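# Fold and geometry: a report
In case you want the letters, here they are:
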Amino acid sequence: MALGLTRTPSFITRLPVIRPDRSVSLTVKSSLSMANNSNHTVRIAAAQMTSINDLTSNFNTCSHLVKEAVAAGAKMICFPENFSFVGARDGESMKIAEPLDGPIMQKYCSLARESNIWLSLGGFQEKGPDDTHLCNAHVLIDDTGHLRSTYRKIHLFDVDIPGGAVFKESSFTEAGMNNSTYMVVEYYTKYGGDCPSKSTVVSFSGKNIVVVDSPVGRLGLTVCYDLRFPELYQRLRYQHQAQVLLVPAAFTKITGEAHWEILLRARAIETQCYVIAAAQAGKHNDKRESYGDTLIIDPWGKVVGRLPDRASTGIVIADIDFSLIDSVRTKMPISEHMKPLKFWNSASP
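Computed from a prediction, not measured in an experiment: that's the story for all the values here.

## Quick look at the side chain of Glu-81
On the secondary structure map, Glu-81 appears in the loop between strand S3 (76-79) and helix H2 (92-96). Glu-81 gets classed as buried once you look at its relative accessible area, which sits at 5%. Within the structure, Glu-81 has its side chain in polar contact with the side chain of Lys-153 (distance 3.5 Å). Once residues lying within four places of it in the same chain are set aside, the contact partners of Glu-81 are Gly-122, Gly-123, Asn-136, Lys-153, Glu-169, Val-223, Cys-224, Pro-248, Ala-249, Ala-250 and Gln-280.

Laid out in structure tokens, this is it:
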């Protein structure tokens with residue numbers, strides 16, 4: 001298990017915590033997010049594993065990694081895309097796909113509750129709108145075992161990899177269209193002390209985005225191939241004040257070697273967010289191999305958590321340092337310098 005602790009660059013002065021402004025379109029009053037109001041750091045874990053076409057075996061691996069995360073003091077553990085199942089033959093994933101209230105997800109809800117830890121479960125095979133399609137769902141479960149929010153992957157992996165295989169995720173996956181609704185849940189006093197009301201908005205789902213307040217900060221949910229589309233991450237950060245971006249993934253060996261770390265560090269730098277990238281690793285079967293290299297990256301683009309073995313099973317730990325987020329954003333106020341869309345629409349070619 002690797003241990004990565006965030007450190008502030010020497011030339012950036014630590015500043016008092018500053019509450020980020022809320023977007024006009026998101027009138028949110030939250031006590032959960034901004035866990036930094038009373039604590040400047042909180043620990044998070046990111047898992048690396050090699051899932052196979054065995055639900056029980058994968059659950060056992062996840063359970064073991066959860067125990068490691070809890071022992072290390074993490075408040076949340078993030079699992080990679082396809083954490084619960086990777087099919088060895090065409091059609092296997094469709095056969096095991098279930099609704100979110102099915103027995104597979106309920107086991108993970110029980111795991112979260114019994115372990116008293118939040119789970120980020122990226123790339124769950126959720127039963128889709130018909131018998132030939134599923135949804136690639138990133139599910140967030142809180143430490144009481146309740147499903148807090150779900151993001152359904154919107155960028156599907158339809159590519160012909162140079163020197164590699166041809167993939168067409170859209171042939172069996174429905175692109176996510178997340179409803180524009182607020183998700184109101186009961187306020188838990190253990191996260192924020194006194195609350196001005198009995199309930200508080202802790203999640204916002206838009207047509208293309210999902211942000212969720214949690215003990216480890218305001219989370220922006222994405223999945224794998226989304227990483228190549230910076231517009232999504234820009235919206236998570238600059239319209240909805242995300243502090244931590246979650247990128248569960250199963251990059252191929254070829255694309256991982258070429259682009260994985262570069263893309264992750266770019267998303268961290270341009271959004272000034274932590275990026276938590278839990279990865280599938282190694283050979284799942286005779287036909288499929290994932291790149292691995294689970295990473296945690298700070299808002300300055302520095303890798304602060306990484307397993308020593310890119311293909312091993314294990315967890316990496318790092319501390320989310322909220323004062324570092326504020327320092328980076330204050331010293332380099334990108335949000336104040338960004339031009340609105342109407343500026344570019346009126347710009348001359």
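There is more to say, and it comes next.
## Regarding the pattern of salt bridges
By the definition in use, this model includes 11 salt bridges. Among the ionic pairs, Asp-142 bridges to Arg-148, the shortest N-O distance being 2.6 Å. By the burial criterion, Asp-142 is buried, and Arg-148 matches it. Ionic pairing is found between Arg-306 and Glu-261, a salt bridge with its closest N-O pair at 2.5 Å.

## Section: the packing of helix H1 (residues 55-71) against helix H3 (residues 103-115)
At a closest axis distance of 11 Å, the pairing of H1 and H3 adopts a crossing angle of 20°. Put simply, H1 runs roughly parallel to H3. Crossing of H1 against H3: the hand is right-handed. Residues Leu-55, Asn-58, Phe-59, Cys-62, Ser-63, Val-66 and Val-70 of H1 lie in contact with H3, whose contacting residues are Ile-104, Lys-107, Tyr-108, Leu-111 and Ser-115. The residue inventory of the contact of H1 with H3, partitioned by class, reads 8 nonpolar, 3 polar and 1 charged.

## Focus on the packing of aromatic side chains
All told, the structure shown has 6 aromatic pairs when counted by the stated rule. Plain terms: the ring middles of Phe-83 and Tyr-108 are 5.1 Å apart, the flat faces sit at 90° to each other, and that makes the pair edge-to-face. A residue pair is termed long-range when its members are at least 10 positions apart, and Phe-83 in the loop between S3 and H2 and Tyr-108 in helix H3 qualify at 25 residues. The buried category is assigned to Phe-83, whose relative accessible area is 0%. Classification of Tyr-108 by relative accessible area gives buried; the value is 2%. Seen in terms of ring centroids, Tyr-225 and Phe-229 are 5.3 Å apart; in terms of plane orientation they differ by 85°. Their pairing is edge-to-face. Residue Tyr-225 is classed as buried on the basis of its relative accessible area of 16%. Site record: aromatic cluster; members linked through ring pairs are Phe-59, Phe-83, Tyr-108 and Phe-124. For Lys-339, the ring lying beneath its charged end belongs to Phe-343, and the centroid distance is 5.6 Å.

What counts, and at which threshold
- Residues numbered from 1 in each chain as written.
- Predicted model: local features only at pLDDT ≥ 70, side-chain atom pairs only at ≥ 80, totals over all residues.
- Heavy atoms only, no water.
- Helix = DSSP H or I, 4+ residues; strand = E, 2+ residues; numbered from the N terminus.
- Buried < 20%, exposed > 50% of the residue type's maximum accessible area, 1.4 Å probe, protein only.
- Polar contact = N/O pair within 3.5 Å; in protein donor to acceptor, adjacent residues only side chain to side chain.
- Contact = heavy atoms within 4.5 Å.
- Salt bridge = Lys/Arg side-chain N within 4 Å of Asp/Glu carboxyl O.
- Axes fitted to C-alpha atoms, helices over the stretch in contact; angles between N-to-C directions.
- Parallel < 35°, antiparallel > 145°, perpendicular 65-115°, else oblique.
- Left-handed = near helix turned anticlockwise from the far one by under 90°.
- Nonpolar A, V, L, I, M, F, W, Y, C, P; charged D, E, K, R; others polar.
- Phe/Tyr/Trp six-rings, centres within 6.5 Å; stacked < 30°, edge-to-face > 60°.
- Lys NZ or Arg CZ within 6 Å of the ring centre and 35° of its normal.

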